[in-house]
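Structural features, examined
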Amino acid sequence: MTALMVGKIDTKVKLKGLSLEEMERYAAALGEPSYRGRQLFQWIYGRGCRHFEEMTDLPAALRATLAEQASITSLTCFGRQVSRDGTRKYLFGCPDGRQIESVLIPDEGRLTACLSTQVGCALACAFCLTGKMGFVRHLQVGEIVDQVLALREDLAPGERIGNLVLMGMGEPLHNYEATVKALAILVHPLGLAYPPRRVMLSTVGLVPEIVRLGASGLDVNLAVSLHAATDELRDRLVPINRRYPLKELMAALRAYPLPPRRRITFEYVLMEGVNDRPEDARELARLLPGLRCKVNLLPLNEASAIPFQRPARQRVEAFQQILKSAGVLATIRESRGWDISAACGMLTIEDQKQDQKRLDSTGPLPYDVFRGVEQSGSSLGS
Ligand code: SF4
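Residues numbered from 1 in each chain as written. Predicted model: local features only at pLDDT ≥ 70, side-chain atom pairs only at ≥ 80, totals over all residues. Heavy atoms only, no water.

**Concerning the pairing of strand β13 (residues 293-299)**
- Of all seven residues making up β13, six are buried, and the element is well covered by its neighbours.
- Relative to β13, strand β12 (residues 264-270) runs parallel, the two sharing seven bridges. Among the inter-strand pairings, V269 is bridged to a residue of β13, identified as L298.
- Handedness of the crossover is the feature at issue here: the chain leaves β12, passes through helix α11 (residues 278-287), returns alongside β13, and the resulting connection is right-handed. (Buried < 20%, exposed > 50% of the residue type's maximum accessible area, 1.4 Å probe, protein only. Helix = DSSP H or I, 4+ residues; strand = E, 2+ residues; numbered from the N terminus. Pairing = 2+ DSSP bridges. Right-handed = clockwise from strand over helix to strand, strands pointing away.)

Structure representation (structure tokens):
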């Protein structure tokens, strides 16, 4: 018997990940009016429905056809960890067995969801544990969107996800096509309906894709992980700078079509003695005039695999003061979820190996289990 005969090939159309237009075309291909595609789009994204039989405004015959010919794939939740500060980190399994992490961060009465766009990352920033994993693969559209749908299933009564940030594992613009398509679903009024001003994409500076994003009309917020204000230093901390040096990056950002009253956010992870000196702050201030922007200063989240130290608070404040004196809006951001390795630059599946072994012994946990967990007030994680 050949391998082909042994293996079962899934030929069903995977609906999660399709755009509205693609769902309308799919409905038409089934001989249905295009509004059936719109209904499917609303059921799958707007309501997070995973079973055709629950789509009660579709005719029974269509639901039967869909069950036969299409599927709604979902991430599997292997568990979560809860930080002392309330940050929740989730380990999700993709249909091919790869794993990713997503984070829910409580923030002034609402939750911010931090989403991944790749398994691992190719860009190897010197202070980032995800970068140490290397690149495994891009996430598909449905896998990016499904992180929000899965996180929504774990919300307690009264909780809601108010902001989305693409700052988890991976460089979103390296996975440009899937990221932009997922964003369109996340902000679509019939999809997850997040206002674009509540969505932020963070990049280390892939210049051609920044230009494409600006032309896409998506109007989401843009954050740029800068971390150094000279090419000499940035080449070492953010290797993609060798391909897109600061002059090119800043030119693309100056030309970026920012909506009114919006600013570009610059993320700057401070590492003691590396990029936190007064001259580094002055270089940074010199880079920014003419840009509507703000700078988030993030003292490094130390980890044993990272060869840098977190600076003392005094140094961080002195750095901020130099920026402020130069007229730059600069905020010090405290890390969230450090104790569960959920903070900025700390997402890595390597860290999860112990948890994974334990969870493997009980098998994957269905999303539904979260409801019981919330009621009992315990946590799936450590
Ligand atoms: S900081 Fe972002 S782009 Fe750099 S290695 Fe980490 S995940 Fe990749």
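**Section: the nonpolar core**
- Membership of the largest hydrophobic core comes to 111 residues, with the highest contact counts inside it found for L15, L40, F127, L253, F266 and V295.
- Ranked by residue count, the leading element in this core is helix α7 (residues 176-187), at eight residues.
- In this structure, this core is formed jointly by two domains, domain 1 (13-71) and domain 2 (76-350), each of which donates at least three residues.
- V103, C114, M200 and A223 belong to the second-largest nonpolar core, a separate cluster that totals five residues. (Core = buried A, V, L, I, M, F, W, Y, C linked by side-chain atoms within 4.5 Å. Domains from an automatic or database assignment.)

**Some points on the packing of α7 against helix α8 (residues 207-215)**
- One way to put it is that α7 packs onto α8 with a least axis distance of 12 Å and a crossing angle of 25°. In terms of axis orientation, α7 runs roughly parallel to α8. Crossing of α7 against α8: the hand is right-handed. In contact with Y176, E177 and V180 of α7, α8 contributes E209, R212 and L213.
- Considering only residue class, the contact of α7 with α8 consists of three nonpolar, no polar and three charged. (Axes fitted to C-alpha atoms, helices over the stretch in contact; angles between N-to-C directions. Parallel < 35°, antiparallel > 145°, perpendicular 65-115°, else oblique. Left-handed = near helix turned anticlockwise from the far one by under 90°. Contact = heavy atoms within 4.5 Å. Nonpolar A, V, L, I, M, F, W, Y, C, P; charged D, E, K, R; others polar.)

**Description of the environment of Q118**
- Here Q118 lies in strand β7 (residues 118-120).
- Spatially, the C-alpha atoms of Q118 and M169 are 5.9 Å apart, while their sequence positions differ by 51 residues.
- Beyond its immediate sequence surroundings of up to four residues, Q118 is in contact with I100, F135, R137, H138, L139, M169, G170, E171, H174 and N175.
- At 2.9 Å, the side chain of Q118 forms a polar contact with the backbone nitrogen of E171. (Polar contact = N/O pair within 3.5 Å; in protein donor to acceptor, adjacent residues only side chain to side chain.)

**Quick notes on the packing of aromatic side chains**
- Going through the model one piece at a time under the given rule, you end up with three aromatic pairs.
- Summarising the aromatic geometry, the rings of F41 and Y45 are spaced 4.8 Å apart at their centres and angled 75° between planes, so their arrangement reads as edge-to-face. With a gap of four residues between them, F41 and Y45 both fall in helix α3 (residues 35-46), about one helical turn apart. In terms of burial, F41 and Y45 fall into one category: buried.
- For the pair Y268 and F319, a centre-to-centre distance of 5.1 Å together with 35° between the ring planes defines the contact as tilted. Linking Y268 in strand β12 with F319 in helix α12 (residues 313-325), this pair joins segments that are 51 residues apart in sequence. The exposure classification of Y268 matches that of F319, with both residues buried. (Phe/Tyr/Trp six-rings, centres within 6.5 Å; stacked < 30°, edge-to-face > 60°.)

**Overview of the environment of I44**
- Looking at where I44 falls in the secondary structure, it is placed in helix α3.
- Residues I44 and L192, spaced 148 residues apart in sequence, show a C-alpha to C-alpha distance of 9.5 Å.
- Sequence-distant contacts of I44, that is, excluding residues within four places in its chain, are made with L15, K16, M23, C49, M55, I72 and L149.

**Points about the side chain of K16**
- Tracing the chain through its elements places K16 in the loop between β1 (13-14) and α2 (20-29).
- By relative accessible area, K16 is classed as buried at 7%.
- A polar contact of 3.3 Å, which involves the side chain of K16, links it to the backbone oxygen of T73.
- Every residue in contact with K16, bar those within four places of it in the chain, is listed here: I44, Y45, R50, S71, I72, T73, S74, G142, D146 and L149.

**Regarding helix α10 (residues 246-254)**
- Within the sequence span of α10, burial applies to L246, L249, M250, A252 and L253. For α10, the buried positions fall inside an angular range of 160° around the axis, keeping them on one side.
- Of the surrounding secondary structure, the elements contacted by the buried residues of α10 are α8, β11 (221-225), α9 (231-237), β12 and α11. (Arc of directions from axis to C-beta.)

Function-wise, these values are silent; they only describe arrangement.
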